[in-house]
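# Inside the fold
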Amino acid sequence: MDYLGREWEITPAGGATGEAFIARHDEQKLFLKRNSSPFLAVLSAEGIVPKLIWTKRLENGDVITAQEWMNGRELTPAEMCEESVAELLQKIHQSTPLLNMLRRLGKTAQTPIQILASVKNSLDGELKEDKAIKETIHFLEQHVNDVKCDHYVVCHGDINHNNLLLCDQGNLYLVDWDEAIIADPAMDIGMLLYSYVEKDQWEQWLVNYGLSLTPELRLRMKWFVLTQMIQTTALHKKKNRLADMNRCIEYLSFAQEY
């Protein structure tokens, strides 16, 4: 990465893809990423991620983006209950520019029928025979036509406290958009509530977001949490993370009764 000049020190920023870097020169600091989606520009313009400074295309075809480096920290699990998180997620789900950009990039809305088919395809023969997974698939099939949404939105797809950055200036950002899809907003909301918010606090969290906790919304959230958990189970098995896989399978029974 000599396109910045030799005076810049560039070090890996971690992460699973190995495509993210930190660039330092004197008092300047940038977050660099290789081959980010054009979606990043709209996320930056909407104030969802730190400001995009520049984009450069290299001779080999790679595209490098540089974002403003924000000193801050990840949210703690307890902070996921806060009003600011609900307001940020609502802002994302209501953003027309984000939705239009994903559509221009060729993304289409993922319906429950499509998602269920993807879930089933993610399972190998052994997982298909697991009791908890079989019971969960049965529940999903029973209710696939009951999970109805009038307005599909941009969903982050990986809502967890590690992806929420609170900078020193007080701004809250949601980062790591590699899993973004167009879907029912209950996908994001359900995973957040099931993972971080006590059940007796769901109504207040949803008031902060701008929704009421109806039986229909409960079903939608539960349905999507179960689909995401099965897909995570299959991913853990594929990567031979068997302890994580077993924890996900145990969670399926808990979520079914939640």
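Notes on the structure in this doc start here. (Residues numbered from 1 in each chain as written. Predicted model: local features only at pLDDT ≥ 70, side-chain atom pairs only at ≥ 80, totals over all residues. Heavy atoms only, no water.)

## Here's the deal with the sheet that holds strand β9 (residues 172–174)
Read across the open sheet, the three strands follow the order β6-β8-β9; overall the sheet is antiparallel. Two strands in the sheet have a free side with no partner beyond their single neighbour: β6 (72–74) and β9. Taken pair by pair, the neighbouring strands of this sheet meet at an average axis angle of 25°, ignoring direction. Sheet analysis places strand β8 (residues 164–167) next to β9, joined by three bridges and oriented antiparallel. (Pairing = 2+ DSSP bridges. Helix = DSSP H or I, 4+ residues; strand = E, 2+ residues; numbered from the N terminus. Axes fitted to C-alpha atoms, helices over the stretch in contact; angles between N-to-C directions.)

## Points about empty space enclosed by the protein
In the structure shown here, the tally under the stated rule is one cavity of 30 Å³ or more. Considering the residues around the largest cavity, the lining is formed by M80, V85, L88, L89, I159, L164, L174 and L192. Among the elements that take part in the lining of the largest cavity, helix α2 (residues 83–93) stands out by supplying three residues, more than any other. (1 Å grid on protein atoms, 1.4 Å probe; cavity = no way out; pocket = protein on both sides within 12 Å on 5 of 7 lines; lining within 4 Å. Points joined across faces, edges and corners; volume = space filled by probe spheres on them.)

## Points about the pattern of salt bridges
According to the stated counting rule, one finds ten salt bridges in the structure shown. Where E129 meets K134, a salt bridge forms, and the shortest distance between an N and an O atom there is 3.8 Å. Judged by its relative accessible area of 56%, E129 falls in the exposed class. A cluster of three or more residues bridged by salt bridges with shared partners is formed by D124, E126 and K237. (Salt bridge = Lys/Arg side-chain N within 4 Å of Asp/Glu carboxyl O. Buried < 20%, exposed > 50% of the residue type's maximum accessible area, 1.4 Å probe, protein only.)

## Describing helix α6 (residues 131–143)
The end-to-end C-alpha distance of α6 is 19 Å, a good match for the 18 Å that 13 residues give at a rise of 1.5 Å each. Among the residues making up α6, those that are buried are A132, I133, T136, I137, F139 and L140. All buried residues of α6 lie within an arc of 160° about the axis, which places them on one face of the element. Buried residues along α6 sit in contact with α4 (112–121), α5 (125–128), α9 (215–238) and α10 (242–257). Among the residues of α6, the N-terminal cap falls to D130, whose side-chain oxygen and the backbone nitrogen of A132 are separated by 3.0 Å. (Expected span 1.5 Å × (residues − 1). Arc of directions from axis to C-beta. Contact = heavy atoms within 4.5 Å. Polar contact = N/O pair within 3.5 Å; in protein donor to acceptor, adjacent residues only side chain to side chain.)

## Things to note about the pairing of strand β3 (residues 28–34)
As paired elements, strand β2 (residues 20–25) and β3 share six bridges and run antiparallel to each other. In the strand pairing of β3, H25 is matched with Q28. Taken together, β2 and the strand that follows it, β3, pair antiparallel across an intervening segment of two residues, in which D26 is found at a positive phi of about 55°. Pairing geometry for β3 and strand β5 (residues 63–68), over five bridges, is antiparallel. Bridge pairing in β5 places L30 opposite E68.

## Description of the packing of aromatic side chains
Going through the model one piece at a time under the given rule, you end up with five aromatic pairs. On the numbers, 6.0 Å between centres and 15° between planes, the contact of W205 with Y209 is stacked. Here the residue W205 and the residue Y209 both occupy positions in helix α8 (residues 202–209), the gap between them amounting to four residues, near one helical turn. Ring plane angle 55° and centroid distance 5.3 Å describe the contact between Y251 and F254, whose orientation is recorded as tilted. Note that Y251 and F254 are positioned in helix α10 at a spacing of three residues, about one turn of the helix. A residue is classified by how much of its surface remains accessible, and F254, at 40% relative accessible area, is partly exposed. Note that K56 overlies the ring of W54, its terminal NZ or CZ placed 4.5 Å from the centroid. (Phe/Tyr/Trp six-rings, centres within 6.5 Å; stacked < 30°, edge-to-face > 60°. Lys NZ or Arg CZ within 6 Å of the ring centre and 35° of its normal.)

## Details of the packing of α6 against α9
At a closest axis distance of 10 Å, the pairing of α6 and α9 adopts a crossing angle of 140°. Compared by their axis directions, α6 and α9 come out oblique. For the pair α6 and α9, the crossing hand works out as left-handed. Residues I133, T136, I137, F139, L140 and H143 of α6 pack against L219, K222, W223, L226, T227, I230 and T233 of α9. Taken together, the residues that form the contact of α6 with α9 break down as eight nonpolar, four polar and one charged. (Parallel < 35°, antiparallel > 145°, perpendicular 65-115°, else oblique. Left-handed = near helix turned anticlockwise from the far one by under 90°. Nonpolar A, V, L, I, M, F, W, Y, C, P; charged D, E, K, R; others polar.)

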